[in-house]
Amino acid sequence: DAGITQSPRYKITETGRQVTLMCHQTWSHSYMFWYRQDLGHGLRLIYYSAAADITDKGEVPDGYVVSRSKTENFPLTLESATRSQTSVYFCASRLDPAYEQYFGPGTRLTVT
Amino acid sequence: AQKVTQAQTEISVVEKEDVTLDCVYETRDTTYYLFWYKQPPSGELVFLIRRNSFDEQNEISGRYSWNFQKSTSSFNFTITASQVVDSAVYFCALSEELIQGAQKLVFGQGTRLTINP
């Protein structure tokens, strides 16, 4: 039972490059989320999805793009990476609003 | 807007001591959920508990217990007889309704707990 996985786990990229962070869950959860974790800010929601082909912005969506063509995948793309996007990114999924949210292991992204 | 406050930034205790992590929240929703997550040094976020706003019963799970008091908007977490393996950052979180039936989690800033041998 793989649960929720993220790849890559670590990534170093240069300013201006496009980078995609992958998230895959095996539970068929309807809801998926992307958060970023930064010192002093805790975890903040970037984007979320209620189902395949349904996505919406969270608190800090600028500079990010998401898609969800399949229920199990929810990739996050940084179109033109900036140093301020250096962070740890967590993907999460949830069966239903009444249930707990499970998090992936995180991707540590460094933009140089 | 929803808000979660964990006033204790860092706590350090000696092994076997009891320790309580405080969590105070603000919400206008009548129905909401509260959560605690643990983030050990390895970095993953581990779910510990979910509490419905209508259920004010305290909960105990082994050495962990949670005290939910709606009157004071608090959801405190106590570790009894702490162990070194309990060292981690602990986050309290509150659900917030989004459109499309989704709920996001609003996190507190976290409390870094260090258990010294």
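Going by the structure above, here's the rest.
Note that this is a predicted model, so its numbers are computed, not measured.

A. The packing of aromatic side chains, seen in detail. Residue and element names in this part refer to chain A. Scanning the entire structure with this criterion turns up 22 aromatic pairs over all chains. Relative to Y48, the ring of F33 lies with its centre 6.5 Å away and its plane at 25°, an arrangement referred to as stacked. Of this pair, F33 sits in strand β4 (residues 31-38) while Y48 sits in strand β5 (residues 42-51), and the two are 15 residues apart along the sequence. The residues F33 and Y48 share a single accessibility class, namely buried.

B. Up close: the state of the cysteines. All names here are of chain A. Summed over all chains, the structure comprises two disulfides over all chains. Residue pairing for C23: its cysteine sulfur links by disulfide to C91, the two sulfurs lying 1.8 Å apart. Looking along the S-S bond of the C23-C91 disulfide, the torsion reads about -75°, which is the left-handed sense. Here C23, found in strand β3 (residues 19-25), pairs with C91, found in strand β9 (residues 87-94); they are 68 residues apart in sequence, far enough to count as distant. Both residues of the pair, C23 and C91, belong to the buried class.

C. Local environment of the sheet that holds strand β8 (residues 76-78) of chain A. Residues and elements named next belong to chain A. Strands sit in the order β1-β3-β8-β7 across an open sheet of four strands; the sheet is antiparallel. The open sheet has two edge strands, β1 (4-7) and β7 (64-66), and neither has a second partner. On average, each strand axis in the sheet is tilted by 20° relative to the strand beside it, whichever way the strands run. In this sheet, β3 lies alongside β1 in antiparallel orientation, the contact comprising four bridges. Bridging from a neighbouring strand, Q6 pairs with C23 of β3.

Rules used in this analysis
- Residues numbered from 1 in each chain as written.
- Chains lettered and ligands numbered in written order.
- Predicted model: local features only at pLDDT ≥ 70, side-chain atom pairs only at ≥ 80, totals over all residues.
- Heavy atoms only, no water.
- Phe/Tyr/Trp six-rings, centres within 6.5 Å; stacked < 30°, edge-to-face > 60°.
- Helix = DSSP H or I, 4+ residues; strand = E, 2+ residues; numbered from the N terminus.
- Buried < 20%, exposed > 50% of the residue type's maximum accessible area, 1.4 Å probe, protein only.
- Disulfide = S-S within 2.5 Å.
- Pairing = 2+ DSSP bridges.
- Axes fitted to C-alpha atoms, helices over the stretch in contact; angles between N-to-C directions.

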